[in-house]
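One-letter residues, chain by chain:
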Amino acid sequence: MVFRALRDGFNGLRGQWRLLLVYFAANFCFALLMAWPMNSLLGSFAGYRVEGARLAEGIDFEFLTELMEYESQAWTALMSLAAPVTVGYLLFSLFLCGGALTVLWEGRGYSASLFWSAAARHFGAFLRLALWALPLLAVLLIGLALINLLVELAAGGDPYESTTFWSVALQAGLAGIALLLISLFVDYGRIHIVTTGESKSIRALLEGIRFTLGNLSRTVGLVILLLLLSGLAALLYLPISNWLNAPHSLAVWSLILLQQLYVLWRLALRLTRYGGELSLFRTISRQDAKNAEKKEEPGAVDQESRLEADQPLRP
Amino acid sequence: MLRMLILGLLSCSALALGQPVLFEKPLSPRIANYDIQVSLEAEKNLLKGREVITWYNHCEAPLGELQLHLYLNAFRNSRTTFMQESGGALRMMQMGREGWGYIELNAIRLPPTGELDPLRVRSYQPNIEDWATPFALQSARDWTPHLEFIRPDDANPDDRSLARLALPSPLAPGQAVAFEIEFTALLPSPPFARTGTWKEFFFVAQWFPKVAVCQDGKWSGHQFHANSEFFADYGVYDVRMTVPDDFVLGATGIESDRIDNGDGTATYVYHAEDVHDFAWTASPAFLEFTGQAQDVSIRALVQPDHAAQGPAHVEAARIAVEYFQDHYGDYPYPNLTVVDPRRGALGAGGMEYPTLITAGTFYGRPEGVRLLETVIIHEFGHNYWYHLLASNEFRESWLDEGINSYTESRILNHAYGPQGDQLDWMGLKVNNIQMHRSRYLSLPDADPTVRRAWEYYNRSSYGINSYSRPAVFLETLRRHLGDDTMQRILRTYSERWRFKHPTSRDFIQVAVEVAGPDVERFFDQALYSNAVLDYAVTSITNRKMRRKGFGFDLQIEDNEEANGEFSDPDDPEPDAEGEEEVYESEVKLRRLGEFRFPVELEVVFEDGQTIREQWEGEDTWASFRYTRPWPVSSATVDPQRRVYLDARFINNSLTVQRQSLGVRKASARWMFWWQVFLEMLAF
Ligand SMILES: [Zn+2]
């Protein structure tokens, strides 16, 4: 079922290049807010210097030192943009998510009106959902503090450095898993909102938690497959980018192209994740409905057909 | 003459009394000699000790007093000179009341009148019973009231780190005085600024009453400051340390005996010759790793936390010892001990004592992060620049830390270079000397290099002028003079001035002798001024001309001034009428800093041809003109980065064309990082 969901995710993306383009454009524009000032800074600092030419070979520590030392004001100004750009991107990608989930769920292909209106419609609920997820982060932090406490109880107030090291590693690992789960809760909560029109975000979050944990191997399995695909792309990217690290024009432009392809691939994986999760949600909901039907006496409401009726346009 | 006789007898008596003899012929004037017995009360962090100091007047004047360093008193309260300078009061407050340290002199005894005979004093030493009456007590004179705290550096009444001991009668040059001190010392906990204890780990430094240095008829004793720590005379140390019998102990010198006292304690007997300080460490947790570097045996006392890095400790020490012996002269001692401070006791890390150094590392250290190697190589280097060459760290700290930072960068580069000798991790490659330059650039001109340690603009300026700036200017000199000459300067300095108190002038004299008179000017600027070195190419001008027929009258056709804003020069094509086109070009350089140093200029023409020029760099600017068939495309001053002291490499070059490709590539990479970062965060 996980592989089918993954396949559905990829298939769902077919013909949705405009959706991908919207995501890419958003990512590109936000990153450009950081990159454009950097480009002018580098241009004025090294534009007519041999060091500027050397930048095509790589960044030299001495160059970096002088850039930070002698352009510290420009550098500070640039870094003061980092937080607003990041928050802005997070909010905007939250906004896009409503459109993407709707377009993928409807399966009618991308249309600007459908996408943007759905994005606008769901943004408020998605934002509330994200805020509801914050207490989960607090729980996570408390959990980590508890682990610390346990380690301290077991190893005393003066643990060996190896104990501290591995306890921190363990905490980092657990935190990673917890963050992954929280992101799944939020994902399926959003799917619940998009597919049922649920208006209470807290209920959607609870539904997301119920669904994720109730189908743990599948929901987590899908994400792990996607993480592997993403890691594979990184493994491919690194040697090629090293190979393209030559200081002439063709290599530089190929490298820039490769970088953008890599970003595109990551964004495609994000949309595949949405599509795959929608597919998983649909299949499991249908099965649940069938099982419920078998248990209920005949004549009860057919949940599956109601689901079908709600979403008549599924391919 | 008298001294020679006494010293000769001294070594004979030592031999007769069962102490090992390291050097048949003393390597140093053995001015300050210490016989110490001390016992550690581990639960109380307390030392109880007695010492007999035998001190020779080499000071060329009769002396009415001695000066004593009592440096543990720097940790006595929050108002000491050290605490006020270091702002350590804040850090000390976290340590709680038991964190303080002190040294208290319980009694000072002089031998009976007419018995200032060092031979007699020493002859008592090896027999433990005689410690009860080193001066045949019935006639010893209680001299305790003659001690007085002094504060020559800052008149701080709360500082008790330096004291004066009046003598009963003036001590003539060549004469010796011997006296006994009983003392109690509390060790700071956790170790703070070099010394102290944490749980079962003890690092005991600056712990015994120690005679200051007298030079040219004057005492040059200093209080304990935040920015410097060492200045002392050489001598022989015989030290008996009594510790719990399960402790492993390491100390300056060699272990000559270990006596099990049968009461749960053991006494370690250590002997050191021709050293100017004595430090020791003890802990039941130490793991011992050993190795050999040429004729030096290496012992590393490593915490169980870092057991896996034990061999790395030995290996780094081996690299340091062998490089130093191969390049900068013999290390005369038979051994070196490397101490790994306990977790929670890093205040004792990264320190140097004669034949004993402390390092510091952490569990899970990635291989390419060479902090452990750097600190061991650095601290061992001090066994040359601070120990064999006992310069005055209070007044000319660069002679120790600065030369040491330079040799540290040389050894790291030799062992782990050419790129990433300090940090080679996750694609990041940084050399040690690059780190020094980066630090230097953060405050290049607040002070001249040479200044009293506590008189710098701030602590950062002290650090830069003691470590980084000297490392960078010595590296400049190396690139200018060549490896061999530079090495010969350091070797000559190390061999000629060992066991003495050299000054910057002595170093310069050696450098002039080896490398010629020009280097004197260099050192005058580098040491005694805050001059910054900055040469820049400030303009390139290309003028296209036509050269008619056989007459050589040149006509200016157009003017492309390359000065901030540049235009693309046309390709010179041969004229249809046989007129030949040439360019008259001019490259201008400026000296933007006060520091003067000869530099090289590289001019590149559009056809790829390259011309090198020399500029002595004295005037405020210089100009070079060319008439050639191709225009100048770029000019670079110091193209090989020999003048590493140059504060701005970025203005060393100018190009006529805009370097868009490199700028674009770097910007694109920056953008790519942001794209991936944002995408990873989004949910
Ligand atoms: Zn040092």
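Residues numbered from 1 in each chain as written. Chains lettered and ligands numbered in written order. Predicted model: local features only at pLDDT ≥ 70, side-chain atom pairs only at ≥ 80, totals over all residues. Heavy atoms only, no water.

**Concerning the overall build of chain B**
Note the following rule: Runs of E in the DSSP output that reach at least two residues are strands. Runs of H or I that reach at least four are helices, and both are numbered from the N terminus. Only protein chains enter the accessibility calculation, which uses a 1.4 Å probe; a residue is then buried when its area is under 20% of its type maximum, exposed when over 50%, and partly exposed in between. A contact between two residues is defined here by any heavy atoms of the two lying within 4.5 Å. Methods summary: accessible areas were calculated by the Shrake-Rupley approach with a probe of 1.4 Å, and residue burial reflects only the protein chains presented.
Summing up its helical and strand segments, chain B has 13 helices and 33 strands in all. The buried share among the 683 residues of chain B stands at 61%. In chain B, the share of contacts with a sequence separation of at least 24, taken over all contacts with a separation of at least 6, comes to 72%. Accessible surface, chain B as shown: approximately 25,700 Å² in total, 50% of it carbon and sulfur.

**Description of the nonpolar core**
For clarity, the cut-off: Nonpolar cores are built from buried Ala, Val, Leu, Ile, Met, Phe, Trp, Tyr and Cys residues. Side-chain atoms within 4.5 Å join them into one set. All domain edges in this entry derive from an automatic or database-based domain assignment.
Core analysis: the biggest nonpolar cluster contains 164 residues, and Trp55, Phe179, Trp207, Phe278, Trp280, Trp398 and Phe523 of chain B have the highest contact counts within it. Tallying contributions element by element places helix α5 (residues 310-328) of chain B first for this core, with nine residues. No fewer than three residues from each of domain 1 (286-530) and domain 2 (535-657) of chain B sit in this core. Not counting the four nearest positions on each side in its chain, Trp398 of chain B is found in contact with Ile403, Thr449, Val450, Asn465, Ser466, Pro470, Phe473, Leu474, Ser504, Phe507, Phe523 and Leu527 of chain B. Within the second largest apolar cluster, 87 residues are counted, among which are Ala5, Ile182 and Phe211 of chain A together with Ala682 of chain B.

**Brief notes about the packing of aromatic side chains**
Residue and element names in this part refer to chain B. What counts here: Pairing of aromatic rings covers Phe, Tyr and Trp, the last through its six-membered ring, and needs centres within 6.5 Å; plane angles under 30 degrees mean stacked, over 60 mean edge-to-face, and all others mean tilted. Geometrically, a charge over a ring is one whose NZ (Lys) or CZ (Arg) sits within 6 Å of the ring centre while staying within 35 degrees of the ring normal.
For the structure shown, the criterion picks out 65 aromatic pairs over all chains. Between Trp207 and Trp280, the ring centres sit 6.0 Å apart and the planes meet at 80 degrees, which makes this aromatic pair edge-to-face. With a gap of 73 residues between them, Trp207 in the loop between β10 (201-204) and β11 (210-211) and Trp280 in strand β18 (residues 280-283) connect regions that are remote in the sequence. Using a relative accessible area of 0% as the deciding quantity, one classes Trp280 as buried. Above the ring of Tyr644, the side-chain terminus of Arg437 is found at 5.9 Å from the ring centroid. A cation over a ring is seen here: Arg628 above Phe605, with NZ or CZ 5.0 Å from the ring centre.

**Overview of the interface of chain A and chain B**
How we decide: The term buried area denotes the loss of accessible surface (1.4 Å probe radius) that occurs when two parts are joined, taken as the sum for both partners. Here, a salt bridge means any side-chain nitrogen of Lys or Arg that lies within 4 Å of a carboxyl oxygen of Asp or Glu. Distance and chemistry together define a polar contact, namely a pair of N or O atoms within 3.5 Å, with one atom able to donate a hydrogen and the other to accept it when in protein, and with adjacent residues in sequence counting only for side-chain atoms on both sides.
Contact residues are listed per partner, giving 71 residues for chain A and 57 residues for chain B. Buried area between chain A and chain B, summed over both chains or domains, comes out near 5,800 Å², and the portion from carbon and sulfur atoms is 62%. Inspection of the region where chain A meets chain B yields seven salt bridges. At the surface where chain A touches chain B, the tally comes to 31 residue pairs in polar contact (both at pLDDT 80 or more). When residues in the side of chain A that touches chain B are grouped by element, the largest group, 14 residues, is from helix α2 (residues 17-46) of chain A.

**Some words on a nonpolar patch on the surface**
Using the following cut-off: For patches, a residue must show more than 30% relative accessible area and have no salt bridge; joins then use 9 Å for like charges and 5 Å for nonpolar side chains, namely Val, Leu, Ile, Met, Phe, Trp and Tyr.
A surface patch of nonpolar side chains, about 550 Å² in accessible area, is lined by Ile142, Leu146, Leu149, Leu150 and Leu153 of chain A. With respect to the secondary-structure elements, Ile142 of chain A resides in helix α6 (residues 112-155).

**Some points on the coordination of the zinc ion**
Residue and element names in this part refer to chain B. So the rule is basically this: For Na, K and Ca the donor cut-off is 3.2 Å; for every other metal, N, O and S atoms count as donors within 2.8 Å. Water does not enter the count, which can leave sites looking incomplete.
Distances from the zinc ion to its protein donors, namely His378 (NE2), His382 (NE2), Glu401 (OE) and Glu401 (OE), fall within the range 2.0 to 2.7 Å. We note that the donor set of the zinc ion lies within a single chain, spaced as H-x3-H-x18-E. One end of the pair, His382, is in helix α6 (residues 371-388); the other, Glu401, is in helix α7 (residues 398-416), and 19 residues separate them in sequence. As far as burial versus exposure is concerned, His382 and Glu401 are alike and both buried.

**Description of the sheet that holds β11 of chain B**
Our working definition: Here the rule is simple: two strands pair whenever DSSP picks up at least two bridges between them.
The four strands are arranged β6-β7-β3-β11 (chain B) in an open sheet whose pairing can be described as antiparallel. This sheet does not close on itself; its edge strands, each paired only once, are β6 (147-149) and β11 of chain B.

**A word on the side chain of Arg410 of chain B**
Residue and element names in this part refer to chain B. Selection criterion: Residues scored as charged are limited to Lys and Arg (positive) and Asp and Glu (negative), so that His and the chain ends carry no count.
Among the structural elements, Arg410 can be located in helix α7. This buried residue, Arg410, is left without a salt bridge; Asp483 holds the nearest opposite charge, at 4.1 Å. When neighbours within four sequence positions are excluded, Arg410 is seen to be in contact with Tyr323, Tyr328, Glu475, Arg478 and Asp483.

**So, the packing of helix α5 (residues 72-106) of chain A against α6 of chain A**
Residue and element names in this part refer to chain A. What counts, and what does not: To get an axis, fit a line to the C-alpha atoms, keeping to the stretch in contact for a helix; angles then go from 0 to 180 degrees between the N-to-C directions. Any angle from 65 to 115 degrees is called roughly perpendicular, while one under 35 is roughly parallel, one over 145 is roughly antiparallel, and all others are oblique. Definitions for this section: a left-handed crossing has its near helix turned counterclockwise from the far helix by less than a right angle. A right-handed crossing has that turn clockwise. Residues are sorted three ways: Asp, Glu, Lys and Arg are charged, Ala, Val, Leu, Ile, Met, Phe, Trp, Tyr, Cys and Pro are nonpolar, and all the rest, Gly among them, are polar.
Orientation of α5 relative to α6, taken along the N-to-C sense of each, is 120 degrees, at an axis distance of 7 Å. Put simply, α5 runs oblique to α6. Read as a crossing pair, α5 and α6 show a hand that is right-handed. Residue-level contacts link Leu91, Leu94, Phe95, Leu96, Cys97, Gly98, Gly99, Ala100, Leu101, Thr102, Val103 and Glu106 of α5 to Leu114, Phe115, Trp116, Ala118, Ala119, Ala120, Arg121, His122, Phe123, Phe126 and Leu127 of α6. Of the residues contributing to the contact of α5 with α6, the split by class is 17 nonpolar, four polar and two charged.

**Regarding the sheet that holds strand β19 (residues 287-293) of chain B**
All names here are of chain B. The sheet built from five strands is open, its strands ordered β19-β20-β21-β23-β22 with mixed pairing. Only two strands of the sheet have a single partner each, and these edge strands are β19 and β22 (351-353). This sheet shows a mean twist of 15 degrees between the axes of neighbouring strands, independent of strand direction. In terms of strand pairing, β19 meets strand β20 (residues 296-302) through seven bridges, oriented antiparallel. The residue bridging Ala293 from the neighbouring strand is Val296, located in β20. Each of β19, β20 and β21 (335-339) touches α5; the most contacted strand, β19, lies at about 30 degrees to it. Contacts between α6 and the sheet are confined to β21, β22 and β23 (356-358), with β23 contributing the most and set at about 145 degrees to the helix.

**A look at the confidence of the model for chain B**
All names here are of chain B. The test is simple: The pLDDT value tells you how sure the predictor is about a given residue, anywhere from 0 up to 100.
Across chain B, pLDDT averages 87, with 86% of residues at or above 70. With pLDDT under 50 throughout, residues 89-96 is counted as low confidence; its partners more than four residues away or in other chains account for 12 contacts. A low-confidence stretch, residues 558-576 (pLDDT under 50), is modelled with 44 contacts involving residues beyond four sequence positions or located in other chains. Predicted as a complex, the structure gets a pTM of 0.87 and an ipTM equal to 0.91.

**Notes on the confidence of the model for chain A**
Summary statistics for chain A give a mean pLDDT of 88 and a share of 94% for residues scoring 70 or more. Put simply, helix α11 (residues 303-310) of chain A is where chain A has its lowest mean pLDDT, 44, and α2 of chain A is where it has its highest, 95.

**Considering the domain arrangement of chain B**
Residues and elements named next belong to chain B. Here chain B is partitioned into domain 1 (286-530) and domain 2 (535-657). Taken over C-alpha atoms, the centre of domain 1 sits 41 Å from the centre of domain 2. Counting residues at the interface gives 15 residues for domain 1, matched by 15 residues for domain 2. Carbon and sulfur atoms make up 61% of the area that domain 1 and domain 2 hide from each other, which totals about 1,300 Å². If you sort the residues of domain 1 by the area they bury against domain 2, Arg437, Arg479 and Gln525 come out on top, with a joint share of 41%. At the boundary of domain 1 and domain 2, one finds one salt bridge.

**So, the state of the cysteines**
Residues and elements named next belong to chain A. As a reminder of what qualifies: Cysteine sulfur pairs qualify as disulfides if the two atoms are within 2.5 Å.
Across all of its chains, the model carries one disulfide over all chains by this definition. For Cys29, which is in no disulfide, the shortest distance to another cysteine sulfur is to Cys97 and amounts to 19 Å. Look at Cys29 and you get partly exposed, because its relative accessible area is 44%.

**Considering the environment of Leu181 of chain A**
Residue and element names in this part refer to chain A. Structurally, Leu181 is set in helix α7 (residues 161-196). Among the residues examined, Leu181 registers a relative accessible area of 21% and is labelled partly exposed. Linking Leu181 and Ser113, residues 68 residues apart in sequence, is a C-alpha distance of 32 Å. Once you skip the residues sitting within four places of it in the chain, Leu181 turns out to touch Thr212, Leu216 and Val220.

**Re helix α11 (residues 504-515) of chain B**
Residues and elements named next belong to chain B. Operational definition: Between the first and last residue of a helix there are one fewer steps than residues, each counted as 1.5 Å, and that sum is the expected span.
Taking 1.5 Å per residue, 12 residues should reach 16 Å; α11 reaches 16 Å between its end C-alpha atoms and fits that length. If you check which residues of α11 are buried, you get Ser504, Asp506, Phe507, Ile508, Val510, Ala511 and Val514. Here the buried face of α11 lies against α7, α10 (483-496) and α12 (518-528).

**Examining the pairing of β21 of chain B**
Residues and elements named next belong to chain B. This is how it is decided: We call a crossover right-handed when, viewed with the strands running away from us, the connection from the first strand over the helix to the second turns clockwise.
The buried fraction of β21 is high, at five of five residues. Burial of the side chains of β21 extends over both faces: Asn335, Thr337 and Val339 are buried on one face and Leu336 and Val338 on the other. In this fold, the crossover linking β20 to β21 by way of α5 has left-handed handedness. Across three bridges, the pairing between β21 and β23 is parallel. Note that in β23 the partner of Val338 across the bridge is Ile357.

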